[in-house]
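# What the coordinates show
Residue-level listing of the chains:
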Amino acid sequence: MPRLHELAKTIRSKNAGVNQVTFDVIFPTRDAYRRVVESGVLSREAVARIYRIAPERISDHVQFELANAIKFTIYRERPSGSPGDWDTLGCQFYGPLVDVEVP
Amino acid sequence: MAGTRRTMRIMISTGHLGTAPSGADSFAAAIATNPDYLVADGGSSDPGPVYLGNNSVLGQFVEDELELFLTASRARGIPLIIGSAGDSGSNHGVDETVRQLREIAARHRIPKFRIGWFYSEVPRGVIAARLASGERIPGLGGFPELTMEEAERATRIVAVAGVEPFIKLLDAGCDVIVGGRCGDVCFTAAPCIRAGYPPALAYHMGKMIECASLVAEPFMGKEAIIGTISDEDIVITAYHPGQRVTVASAAGHSMYERETPFFEHTLGGVLDMRECRYEEVDERSTRITGARFVPDDPPTVKLEGARKVGERYMGIAAIRDPHVIRHLDAAIEWSRSASARTFRDVPYELHYHVFGRDGVLKDLEPRRDVVPHEVCIVVEGLAQTETVAHKLVDFATRMFFLARIPGSKGSSGLAACTKQTMRSSPGFVWNVNHTMTVRDPLELFPTHVAEAGV
C-alpha cells in the first residue's frame, strides 16, 4: 500500500493566524488527488483520528480541486509562540501525515 | 488593443526581510529589467509574540538586505516599499529601519531622496474609548471578545494597515517607504491601486508575491519574483533559472498560510479567489484572472497584541537509560513536584519539551506511546525576575540528573545535562487577536515624511 509521501507532491503545515495551523496536501495529478479523496484517509474524521482530537477542533476542511489539494485547519492548543509551544510557525505539524497508507 | 495595454511590474526577493540574504543572481537578473517598484515584507505575526512584545528583531541579515535594496532602488530610481518593518511593525521596528536606511544612504553617499514612514501602534486610550462607548471588539481564531483588562495587559498592540498609508506616502512623493504593521498583500497592492488597476487584481498580486519565490517551484526561498499587473490579469514570473511559476505552484500558494484557499481578509475588504483561473504563459510565468474584491462597510482592522509572561531560561537534559525512558512521565513528575516544593512562594511556569517523544506536536502526537532509545528534554521556565527564572530552570533540569525512579540501576546521574542553563528571550503570549471597525482607514496610521541621503 503506497504512503502519502509517494502520492503527494507537497505535504505541509503552517500557521493560519496565531491560533490555527493549516495543512495542505497537494497532488501532482487529478488521479492521485481523487484516489486519496476517495480513500477517505484524509477525511475530516480521519484527520481527527490521526491527531487524536475532537472533530470540532478542525475549523475547516476543503477539497480544492483546482490545485489537486486537500486542505484542513485545526485550532492550536495555545496561541503560536506561547511558552510551552515549540513549533511557532506550525511548520512540522504535518509529520504524522507523511506515512499515512493509502488503499 | 494590444498596443494600448498598460502594465505595472513589482519585484520582490524576500518574504521575510533579513532572515537570510536575497539570492544575488536572481536579484540582479530581476532588477536589471527595471521593475516599477521594489517591495519587501519586513515581518508578520508568524514568528510569534516575542518580537512585538520585546521590540526585538528575528533576522540577522536585515542590514545586508536593506543595503542591497536601497542601493539598487536609488541607482535605478525604482521606489522601495517595505511593509511590517522590524518583524512586528512596532514603532521601534519602523524607527530602527528608517535609521538603518539613513545610515546606509550616508555611507554610500546616495543623493537626497524622500523617505516616508507610518506607525501602526494603537494607543490604549483608543481601545478604552471604544469599549467605554459600548462597542464590541470581537476575537479572531477562537479568541473571546476583548476586555479592557486584557487590552491593558498587552505590552504593545499594533493594528494591521491596508493600502491607504502607503498610497498617502506615495502621493507625498516618497521614494522609499517604511511601513508599520500592514497586511502582507498591501505593500504590493498599494502602488497598483494608486495607479488605477483593479483592486481585486492588485490584492491578488500582493497575495501571490508576498513570500517571493515560495510562489514558484521547486521550493526555494529568497529568490526574486516579478508580478506584472494589467487591467485584465496578473502574471507572476520567477527569476531564478531553476524555478518556474506554474499553475500548480501559483494555485498552491494562493492557499498558503490561510484557513481557506478562497478568501483573504484585509483592511477594506475580502479578496475572493473562488473563480480564479490560472494559465502558464511561458517557461517561467503563470497568468491569473478572476479574483474579486468585496469591500467592507465599515472597514475592519485587525489588532495584534502581546502580553509578557515573564523572564525565561532554558535547560537541556538528555536521557539514554531505557528504564528511565520507560518511566519518563515519572521523571518529569519528579522534576515538576520538586520544583513546586522548592519554588512554592513565587509565581512561575515550567514546560517540558520531550524531543524523541512529543516535543514538536505535544497533545497532537499520535506516536506518543512509542518508546524511543534516547530522548532530549528541554526545560523551559519563566518567572518574574531573571534570577528566579535562572534558578528555577537550573533546578528543574538538575532534577532529571537526580530523578528518583523506582527500580533504576543507575546511581551516578539519570540524565546527561552538562551544558549551562541558557538565557532565552522573555516569554510572551498573543493576547490580542481581534478586529475593530474604523471610520477612516488612515485613522490609526500616522504618516511622516523626511529627507534622507546626502
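The preceding data block contains the structure.
None of these values were measured; they are calculated from a predicted model. (Residues numbered from 1 in each chain as written. Chains lettered and ligands numbered in written order. Predicted model: local features only at pLDDT ≥ 70, side-chain atom pairs only at ≥ 80, totals over all residues. Heavy atoms only, no water.)

### Quick look at the interface of chain B and chain A
How big an interface is tends to be stated in terms of the accessible area lost upon association of its parts. Contact residues are listed per partner, giving 48 residues for chain B and 43 residues for chain A. Of the roughly 3,600 Å² buried between chain B and chain A on both sides combined, carbon and sulfur atoms contribute 62%. Considering only the surface of chain B that becomes buried against chain A, Met255, Glu259 and Leu364 of chain B emerge as the three largest contributors, covering 20% of it. The interface formed by chain B and chain A contains four salt bridges. Viewed at the interface, chain A and chain B are joined by 16 residue pairs in polar contact (both at pLDDT 80 or more). (Contact = heavy atoms within 4.5 Å. Buried area = accessible area lost by both parts, 1.4 Å probe. Salt bridge = Lys/Arg side-chain N within 4 Å of Asp/Glu carboxyl O. Polar contact = N/O pair within 3.5 Å; in protein donor to acceptor, adjacent residues only side chain to side chain.)

### Describing the packing of aromatic side chains
Residue and element names in this part refer to chain B. A complete count under the given rule lists twelve aromatic pairs over all chains for this structure. Ring centres 5.7 Å apart and planes at 15 degrees place the aromatic pair Phe27 and Phe69 in the stacked group. Of this pair, Phe27 sits in helix H1 (residues 24-31) while Phe69 sits in helix H3 (residues 62-76); the two residues are 42 residues apart in sequence, bridging distant segments of the chain. With respect to burial, Phe27 and Phe69 carry one shared label: buried. (Phe/Tyr/Trp six-rings, centres within 6.5 Å; stacked < 30°, edge-to-face > 60°. Helix = DSSP H or I, 4+ residues; strand = E, 2+ residues; numbered from the N terminus. Buried < 20%, exposed > 50% of the residue type's maximum accessible area, 1.4 Å probe, protein only.)

### Quick look at the nonpolar core
Among soluble globular proteins, nonpolar side chains are generally buried collectively. All names here are of chain B. One finds Ile236 and Leu303 to be the most contacted residues of the largest nonpolar core, which totals 73 residues. Top element by residues in this core is helix H9 (residues 199-209). It accounts for seven residues. In this structure Ile236 touches Met205, Met208, Ile209, Val215, Ile225, Ile226, Gly227, Val245, Arg284, Ser285, Thr286 and Ile288, once residues within four positions along its chain are discounted. Within the second largest apolar cluster, 33 residues are counted, among which are Leu38, Phe69, Ala72 and Val176. (Core = buried A, V, L, I, M, F, W, Y, C linked by side-chain atoms within 4.5 Å.)

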